[in-house]
Amino acid sequence: MNGRIEVEHLSKTFKKGNVQAVRDVSFEVEEGEFFAFLGPNGAGKSTTVQILTTLINATGGKALVAGHDVVKEPDEVRRYIGVALQETGVDPDLTGRELLELQARIFGFNKEGSRKRSVDLLDIVQLTEDADRRVGNYSGGMRRRLDLALTLVNEPKILFLDEPTTGLDPSNRMAIWKELRRLNEENGTTIFLTTQYLEEADSLAHRISIINRGEIVATGTPKELKSQIGNDLITLTFKTKGDLDRAEEVLTRSVGEREVIVQNSKLTIYVDDGAQEMVEIVRMLDQEEVEVDSVNLSSPTLDDIFLKITSEQQGKGGEK
Amino acid sequence: MGNSVWKDTWLITVRNIKTTIRNPFSFIPNLIISAFFLLVYEGGLSGIAQLPTFDGANYLAFILPVSIVSAAIGGAGGAGQGIVKDIENGFFSRLLLTPASRLAIVLGPIIAGMLQLFVQTILIICIGFLLGLKVETGFLGVLFVLFIAIGWGLAFAGYSAGVALRTKNAQASQSGTLIFFPLIFLSTTFVPYELIDAQWLKIAATINPTTYIFESMRTVLIDGWIFWDMMQGVIAIVVVCALTITFAAVSAKKAVARG
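Residues numbered from 1 in each chain as written. Chains lettered and ligands numbered in written order. Predicted model: local features only at pLDDT ≥ 70, side-chain atom pairs only at ≥ 80, totals over all residues. Heavy atoms only, no water.

Draft legend 1. Fine view of helix 1 (residues 5–22) of chain B. With 18 residues, helix 1 of chain B extends 26 Å from end C-alpha to end C-alpha; this agrees with the ideal 26 Å at 1.5 Å per step. Buried residues along helix 1 of chain B sit in contact with helix 3 (96–106) of chain A together with helix 3 (59–89), helix 4 (91–96) and helix 5 (102–130) of chain B. (Helix = DSSP H or I, 4+ residues; strand = E, 2+ residues; numbered from the N terminus. Expected span 1.5 Å × (residues − 1). Contact = heavy atoms within 4.5 Å.)

As structure tokens, then:
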């Protein structure tokens, strides 16, 4: 048993509709590492989590979780992992305490032990006051926190969290982030987190893999990934299609075609120092008599990283 | 770490009993309908017991099995409803993510459904006694009726759990319980076989296993210990249970399979 995840050439094709949800995905997560899978809806994040947590079988490849093969030894894997799926798995008719005690007993705790464990976990996720209310009366954020507590019952070596903060308000999101950081730093729990939010992966993870259409397209530390894309991005819009085309031509010539992307009649440029380069770009376009409608300077978001990576995947920085 | 299948089954069954008790509207309407059957049919139809075919039998004893079986079928449908609810609110996945025995995860709701049925049947028999029911074979006969009711409930619980696991959808498994109507009414529901007029209904009653359930219950309630007449109900239960439990097991295997 160890706290590692090793994935080799994992694939999953769903028979229904012949959808290839995961394509030849390989990666490793070290013991104690905080690892994030970053990608849009339908990228294959949830499918990967379901395979690694023994809920579904892959159609190809191999995965070891906590040193055990997810297909051959599912019960061993289940013992050492904690899983919070995208949809919380709580029974609305039981109380928070009852759910935790049931979960503990299923994991082999005796009555007394399950009681103690529940008290501790309720305290950790700050649900002590609401412990004896039925879960059906909990708010969305409380359910999430209870769900997280349920995943911790067996003191997992590896924690899988599938979009744990999607749909949460900022204060609940912060509470979950704080607890995940604590688990990772104090207990050395390995964490595998999926998210759509760059900001979340950026602030929590040691290492990020970006997944798109079932494939890993980039892997690195948050810093490495962001430096690939440039620190800032400048977005320009134009009154006419003619101006847009002219601007693309002019700017491609001056900054290199990799950095200029045209999409939805907007032109985006990735740069290192936005404030300074914005002035130069506007001046350059003015000299060429291209009429600019608006200019916007911002930090890269997940959308931008995707736009960049997918446009690169298609060979040339052009129409998507 | 890790439990036996029995301990897991026990834990999950207890949880299902709790959720049933906390949702009284999951079983109260069913109980009321069954009591209603008993009162209305006894009140409205008991006169036909004067017919010679009834041989002086008490109509209350004749109609009681209808009420019991309708409660059994309705109650057993609850097992499927419970599973669908668990699938929809994600609790089913939460259980699948633990090392709990896969068998226990499916057996829990079925056993809880059985116990619910047991209590319901006792209540209906009590109402029968309040209305003046007399049982030819006494207390042991009542036990036999309970046994048949639970056996038939198990057969139907297997069916409803199977539909639930297969469709994973509340509406679909709700409409699966529509089979309730032909099962209850295309049979010797109100009058003995000899008094059924329409030929098609006679054929339906012969095919319908519920007929044999009714008849075996009526045997102990009205006629006494007649071995072969009692056995037809037992055989019907064994045959139908074999079919529906297999269906449930296959559907369960699919539902927990990771394909």
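From this point, things continue past the structure.
Draft legend 2. Structural context of unusual backbone geometry. Residues and elements named next belong to chain A. Of note, the phi angle at Thr-54 is positive, near 75°, even though the residue is not glycine. Within the element layout of this structure, Thr-54 appears in the loop between helix 1 (45–52) and strand 4 (60–65). You can call Thr-54 buried: its relative accessible area is 1%. The backbone phi angle of Ala-66 is positive, close to 55°, even though this residue is not glycine. Tracing the backbone shows Ala-66 in the loop between strand 4 and strand 5 (68–69). (Buried < 20%, exposed > 50% of the residue type's maximum accessible area, 1.4 Å probe, protein only.)

Draft legend 3. Looking closely at the packing of aromatic side chains. A full pass over the atoms with the stated rule returns 15 aromatic pairs over all chains. Geometrically, the ring pair formed by Phe27(A) and Phe35(A) is stacked, given 5.3 Å between the ring centres and 10° between the ring planes. Phe35(A) carries the same exposure label as Phe27(A), and that label is buried. Relative to Phe185(B), the ring of Phe37(B) lies with its centre 6.1 Å away and its plane at 85°, an arrangement referred to as edge-to-face. Pair noted here: Phe37(B) is in helix 2 (residues 28–45) and Phe185(B) is in helix 8 (residues 180–185), with a separation of 148 residues, a long-range link. Using a relative accessible area of 12% as the deciding quantity, one classes Phe37(B) as buried. (Phe/Tyr/Trp six-rings, centres within 6.5 Å; stacked < 30°, edge-to-face > 60°.)

Draft legend 4. Molecular detail of the UniProt feature "transmembrane region" (unreviewed entry) in chain B. Mapped onto this structure's residue numbering, the UniProt feature "transmembrane region" (unreviewed entry) falls at residues 21–41, 61–84, 105–133, 139–165, 177–196 and 225–250 of chain B. Structurally, residues 21–41 of chain B comprises 76% helix and 0% strand, and the distance from its first C-alpha atom to its last is 29 Å. (UniProt positions renumbered as here; feature names shortened; annotations may be inferred.)

Draft legend 5. Looking closely at the nonpolar core. Counting residues in hydrophobic clusters, the biggest one holds 142 residues, and the most contacted among them are Ile5(A), Phe27(A), Leu52(A), Val65(A), Phe160(A), Leu180(A) and Phe192(A). It is helix 3 of chain B that contributes the most residues to this core, 16 residues altogether. (Core = buried A, V, L, I, M, F, W, Y, C linked by side-chain atoms within 4.5 Å.)

Draft legend 6. Representation of the pattern of salt bridges in the model. Residue and element names in this part refer to chain A. Evaluated as defined, the whole model comprises 24 salt bridges over all chains. Between Arg-4 and Glu-6 there is a salt bridge, with the nearest N and O atoms lying 3.5 Å from each other. Several salt bridges converge on common partners, so that one network encompasses Arg-4, Glu-6, Glu-28 and Glu-30. (Salt bridge = Lys/Arg side-chain N within 4 Å of Asp/Glu carboxyl O.)

Draft legend 7. Seen up close, the confidence of the model for chain B. Residue-level pLDDT values for chain B average 87, and 98% of them are 70 or greater. For chain B, helix 7 (residues 170–176) of chain B is the element with the lowest average pLDDT, namely 77, and helix 1 of chain B is the one with the highest, namely 93. (pLDDT = per-residue confidence, 0-100.)

Draft legend 8. Inspection of helix 5 of chain B at higher detail. Residue and element names in this part refer to chain B. With 29 residues, helix 5 should cover 42 Å at 1.5 Å per step; its first-to-last C-alpha distance of 44 Å lies within 8% of that length. The backbone nitrogen of Leu-103 lies 3.1 Å from a side-chain oxygen of the residue at the head of helix 5, namely Ser-101. Phi turns positive, to about 105°, at Gly-132, one or two residues after helix 5. (Polar contact = N/O pair within 3.5 Å; in protein donor to acceptor, adjacent residues only side chain to side chain.)

Draft legend 9. Structural detail: the layout of surface pockets. Residues and elements named next belong to chain B. In this structure, the second largest pocket spans a volume of roughly 750 Å³. Sorting the residues of the lining of the second largest pocket by element identifies helix 1, helix 2, helix 3, helix 5 and helix 8 as the ones contributing at least two each. Top element by residues in the lining of the second largest pocket is helix 3. It accounts for 11 residues. (1 Å grid on protein atoms, 1.4 Å probe; cavity = no way out; pocket = protein on both sides within 12 Å on 5 of 7 lines; lining within 4 Å. Points joined across faces, edges and corners; volume = space filled by probe spheres on them.)

Draft legend 10. Layout of the interface of chain A and chain B. At the interface, 36 residues of chain A touch 27 residues of chain B. Of the roughly 2,900 Å² buried between chain A and chain B on both sides combined, carbon and sulfur atoms contribute 54%. Interface area lost by chain A to chain B is led by Arg78(A), Asp93(A) and Ile106(A), which between them contribute 21%. Where chain A meets chain B, there are five salt bridges. Across the pair Arg15(B) and Asp91(A) runs a salt bridge whose closest N-O atoms are separated by 2.5 Å. Of all elements in the fold, only helix 2 (74–80), strand 6 (81–84), helix 3 and helix 5 (140–152) of chain A reach the threshold of two or more residues within the side of chain A that touches chain B. (Buried area = accessible area lost by both parts, 1.4 Å probe.)

Draft legend 11. Highlighting the packing of helix 10 (residues 209–223) of chain B against helix 11 (residues 227–256) of chain B. Residues and elements named next belong to chain B. Where helix 10 meets helix 11, the axes come as close as 7 Å, and the angle between the chain directions of the two elements is 145°. For the pair helix 10 and helix 11, the crossing hand works out as left-handed. Facing helix 10, whose interface residues are Pro-209, Tyr-212, Ile-213, Glu-215, Ser-216, Thr-219 and Val-220, helix 11 presents Asp-229, Met-230, Gln-232, Gly-233, Ala-236, Ile-237 and Val-240. Of the residues assigned to the contact of helix 10 with helix 11, the class counts are eight nonpolar, four polar and two charged. (Axes fitted to C-alpha atoms, helices over the stretch in contact; angles between N-to-C directions. Left-handed = near helix turned anticlockwise from the far one by under 90°. Nonpolar A, V, L, I, M, F, W, Y, C, P; charged D, E, K, R; others polar.)

Draft legend 12. Region of interest: the pairing of strand 12 (residues 260–263) of chain A. Residues and elements named next belong to chain A. In this structure, strand 12 lies alongside strand 13 (residues 266–271), joined through four bridges in antiparallel fashion. Paired with Gln-263 across the strands is Lys-266, a residue of strand 13. Where strand 12 folds back on strand 13, the antiparallel hairpin that results is connected by two residues, among which Asn-264 adopts a positive phi of roughly 50°. (Pairing = 2+ DSSP bridges.)

Draft legend 13. A nonpolar patch on the surface, seen in detail. A surface patch of nonpolar side chains, about 580 Å² in accessible area, is lined by Phe227(B), Trp228(B), Ile235(B), Val239(B) and Leu243(B). Within the element layout of this structure, Phe227(B) appears in helix 11. (Patch = residues over 30% accessible without salt bridge, like charges linked within 9 Å, V, L, I, M, F, W, Y side chains within 5 Å. Areas by Shrake-Rupley, 256 points an atom, 1.4 Å probe, with all protein chains shown as cover.)

Draft legend 14. Looking closely at the sheet that holds strand 13 of chain A. Residues and elements named next belong to chain A. Across the sheet, which stays open at both edges, the four strands sit in the order 12-13-11-14 with antiparallel pairing between neighbours. For this open sheet the edge positions go to strand 12 and strand 14 (292–298), each flanked by a neighbour on one side alone. Taken pair by pair, the neighbouring strands of this sheet meet at an average axis angle of 20°, ignoring direction. Its contacts with the sheet put helix 9 (residues 241–255) on strand 11 (232–238), strand 12 and strand 13, and the angle it makes with strand 13 is roughly 15°. Helix 10 (residues 274–287) contacts strand 11, strand 13 and strand 14 of the sheet and is inclined by roughly 25° relative to strand 11.

Draft legend 15. Structural view of the sheet that holds strand 8 (residues 190–195) of chain A. All names here are of chain A. Pairing in this open sheet of six strands is mixed, and the strands run 6-7-8-3-9-10 from one edge to the other. The open sheet terminates on both sides in strands that have one partner only, identified here as strand 6 and strand 10 (215–220). The mean angle between the axes of side-by-side strands here comes to 15°, regardless of whether they run parallel or antiparallel. Set on the sheet, helix 5 makes contact with strand 6 and strand 7 (158–162); between it and strand 6 the angle comes to about 165°.

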